[in-house]
Amino acid sequence: AKRTIVTLPGDGIGKVVLEETIRVLEAAGFDADYVHGDIGWEFWCKEGNPLPDRTIELLKKHKIALFGAITSKPKDKAAAELAPELQGKGFTYYSPIVSMRQKFDLDICMRPCQTLPGNPLNFIRRGKDGNPEEPVVDVMIFRQNTEGLYGGVEWTNPGDQVYDALMTHPKFKDNFAWCPRPELAVSTRIFTKKYTSRIVKAAFEYAKKRGFDKITVCEKPNVIRETSGMMLKIAQEMSKAEYPGIRVEDVNIDAMMMWLTKNPENYNVIVAGNMFGDIVSDAFAGLIGGLGFATSAQFNPENGIGVFEPTHGSAPKYADYETSIVNPVAMILSAVMMLEHLNEDETAGRIRKAVMEVVAEGKVRAYDMLKLRGTPDVVNQGAASTRQMADAIIAKLK
Ligand code: NAI
Ligand code: MG
């Protein structure tokens, strides 16, 4: 049956890169209908709701979405930009991304970081003799997307019940009870066995599919014993019971930040909680060209809802469709992840190949570069606009 894909362009360059991505999908012959969903800053201003109910209904019905990016602002600034007729009516701004994640329980987040050969933005290590030796990065990061430190369970000036509970903990009583309660802030790091097992299992399944013989748990179990410790233990037990050919490597998050700058090629499958997964995926993204290449999939294996998106934001400066020069590759590769999720591996493979060819030809805009690395050799490379980049990819698909 023909699929229906919900498109959530959002704001700014989200609209630009999603438009180009759909052109690429169509050129590749992916047979689908697209229905537009409203999301983002524009709808906060107009309706006081950045994620309208009609959009939630669309997602429930069709389950698979391509998401561009949204503009978000802190609550106080947001209130000022609400339409005049909505001012003072008690609307509070919330992030539609976080809210989508929570509403649909999108607990599995996959963030691939794979070197595209010849990308002028690749991280290049200079050897002692001045020769570049380029490590090939091929890693999939599995980030638990709904729990941990980002679960939102936190207090400033905790009330009696919370405070009394804290006081039953010897470490709290000995080390922190001196603090006046109004000056005390507590953010909890919640890991549940159910969701920790799910993200770890997803990592093992991926390793098995790709033929890798280890997964790396990137946490800090020696210090954060209860939560990081839980993830490591679950991974070790699962390795023994279900994946005897795949071993578990335990690397602390801080050490990982060092190792990935020295030997990123040593890692293929990483699993982490919410915050460490967020950090480690940004760090790896820097090695493969940064925001123009960093993609992400979030989904829930039980309800089948999946949202595929680049990790960059709405970059308002580059929002004009006619003149935009941002890189559409992150969005296009997010769509490739969507195709893989839908078992459309053949189409996914053709698009990925076309992207790789265009990147290798040096079409990626040099301006990407300016922020990351300003050497003249690379600044002179590539001058494609967003649309020219997409056109070049489409030409390869023909
Ligand atoms: P941003 O990711 O929108 O842009 C920062 C800079 O990165 C841009 O100025 C540009 O130089 C570069 N960049 C971004 N996307 C690129 C691409 N595809 N190709 C080449 N270069 C690219 O982050 P910023 O400026 O901090 O935030 C702008 C707005 O986006 C804010 O309102 C923020 O809250 C929101 N945001 C939304 C996200 C989302 O929708 N997932 C994620 C991050 C920020
Ligand atoms: Mg992040």
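Everything numeric here is computed off the predicted structure, so don't read it as measured data.

Quick notes on the overall build of the protein chain
Line of reasoning, step 1. If you tally the helices and strands in the protein chain, you get 16 helices and 14 strands.
Line of reasoning, step 2. In terms of overall dimensions, the protein chain is globule-like: its C-alpha atoms have a radius of gyration of 22 Å, near the 21 Å expected for 398 residues.
Line of reasoning, step 3. Counting only C-alpha atoms, the protein chain reaches 65 × 60 × 50 Å along its principal axes.
Line of reasoning, step 4. With 398 residues in all, the protein chain has 42% of them scored as buried.
Line of reasoning, step 5. Partitioning the intrachain contacts of the protein chain with sequence separation of at least 6 by distance along the chain shows that 77% fall at a separation of at least 24.

A few points about the packing of helix α1 (residues 13–27) against helix α12 (residues 329–341)
Line of reasoning, step 1. Two numbers describe how α1 lies on α12: the axes approach to 9 Å, and their chain directions differ by 50°. Taken together, the axis directions place α1 and α12 in an arrangement best described as oblique. Both α1 and α12 take part in a crossing whose hand is right-handed. Two secondary-structure elements touch here, α1 through V17, L18, T21, V24 and L25 and α12 through M331, I332 and A335.
Line of reasoning, step 2. Considered class by class, the residues forming the contact of α1 with α12 number seven nonpolar, one polar and no charged.

Section: the nonpolar core
Line of reasoning, step 1. By size, the foremost hydrophobic cluster in this structure holds 99 residues, and its most contacted members are A203, I215, I270, V271 and I332.
Line of reasoning, step 2. Ranked by residue count, the leading element in this core is α12, at 10 residues.
Line of reasoning, step 3. Built from parts of two domains, this core gets at least three residues from each of domain 1 (1–109 + 301–398) and domain 2 (123–153 + 192–287).

So, α12
Line of reasoning, step 1. In this model, α12 (13 residues) spans 18 Å end to end at C-alpha, consistent with the 18 Å of a helix rising 1.5 Å per residue.
Line of reasoning, step 2. α12 sits mainly inside the fold: 11 of its 13 residues count as buried.
Line of reasoning, step 3. Regarding α12, the residues found buried are V329, A330, M331, I332, L333, S334, A335, V336, M337, M338 and L339.
Line of reasoning, step 4. Those residues of α12 that are buried lie in contact with α1, β3 (64–69), β13 (295–299), β14 (306–310), α13 (345–360) and α16 (386–397).
Line of reasoning, step 5. Just downstream of α12, N343 is the residue with a positive phi angle, here 60°.

So, the environment of L184
Line of reasoning, step 1. Inspection of the secondary structure puts L184 in the loop between α7 (170–175) and β9 (185–187).
Line of reasoning, step 2. Between the C-alpha atoms of L184 and W155, which are 29 residues apart in sequence, the distance is 8.2 Å.
Line of reasoning, step 3. Contact partners of L184, with chain neighbours within four places excluded, come to N157, P158 and C179.

Re the sheet that holds β3
Line of reasoning, step 1. The 10 strands lie next to each other as β2-β1-β3-β14-β13-β4-β7-β12-β10-β11, forming an open sheet whose pairing is mixed. Strands with a single pairing partner mark the edges of an open sheet, and in this sheet they are β2 (32–36) and β11 (247–252). For this sheet, the mean angle separating the axes of adjacent strands, direction not counted, is 25°.
Line of reasoning, step 2. Bridging between strand β1 (residues 3–10) and β2 involves five bridges; their strand directions are parallel. Among the inter-strand pairings, V6 is bridged to a residue of β2, identified as V35.

Some words on the environment of A297
Line of reasoning, step 1. As for its position among the elements, A297 is in strand β13.
Line of reasoning, step 2. For the pair A297 and C109, spaced 188 residues apart in the sequence, the C-alpha separation amounts to 5.6 Å.
Line of reasoning, step 3. Non-local contacts of A297, meaning those with residues more than four positions away in its chain, are made with M110, G306, F308, M337 and H341.

Considerations on the confidence of the model for the protein chain
Line of reasoning, step 1. When pLDDT is averaged across the protein chain, the result is 91; 93% of the residues are at 70 or more.
Line of reasoning, step 2. Here residues 366–380 is modelled with pLDDT under 50, and outside its nearest four sequence neighbours on either side it reaches 20 contacts, counting other chains as well.

What about the domain arrangement of the protein chain?
Line of reasoning, step 1. When the domains of the protein chain are assigned, the result is domain 1 (1–109 + 301–398), domain 2 (123–153 + 192–287) and domain 3 (154–187).
Line of reasoning, step 2. Summarising the inter-unit geometry, the C-alpha centres of domain 2 and domain 3 are found 32 Å apart.

A few points about the pairing of β3
Line of reasoning, step 1. Taken across its six residues, β3 has five buried, putting it largely inside the fold.
Line of reasoning, step 2. Across four bridges, β1 lies against β3 in parallel orientation. Looking at β3, one finds that T7 is bridged to L66.
Line of reasoning, step 3. Sheet topology note: the β3/β14 ladder contains three bridges and is parallel. Bridge pairing in β14 links A65 to V307.

What counts, and at which threshold
Residues numbered from 1 in each chain as written. Chains lettered and ligands numbered in written order. Predicted model: local features only at pLDDT ≥ 70, side-chain atom pairs only at ≥ 80, totals over all residues. Helix = DSSP H or I, 4+ residues; strand = E, 2+ residues; numbered from the N terminus. Rg over C-alpha atoms; globule rule 2.2 N^0.38 Å. Buried ≥ 20, exposed ≤ 12 C-beta atoms within 10 Å, placed from the backbone. Contact = placed C-beta atoms within 7 Å. Axes fitted to C-alpha atoms, helices over the stretch in contact; angles between N-to-C directions. Parallel < 35°, antiparallel > 145°, perpendicular 65-115°, else oblique. Left-handed = near helix turned anticlockwise from the far one by under 90°. Nonpolar A, V, L, I, M, F, W, Y, C, P; charged D, E, K, R; others polar. Core = buried A, V, L, I, M, F, W, Y, C linked by C-beta atoms within 7 Å. Domains from an automatic or database assignment. Expected span 1.5 Å × (residues − 1). Pairing = 2+ DSSP bridges. pLDDT = per-residue confidence, 0-100.

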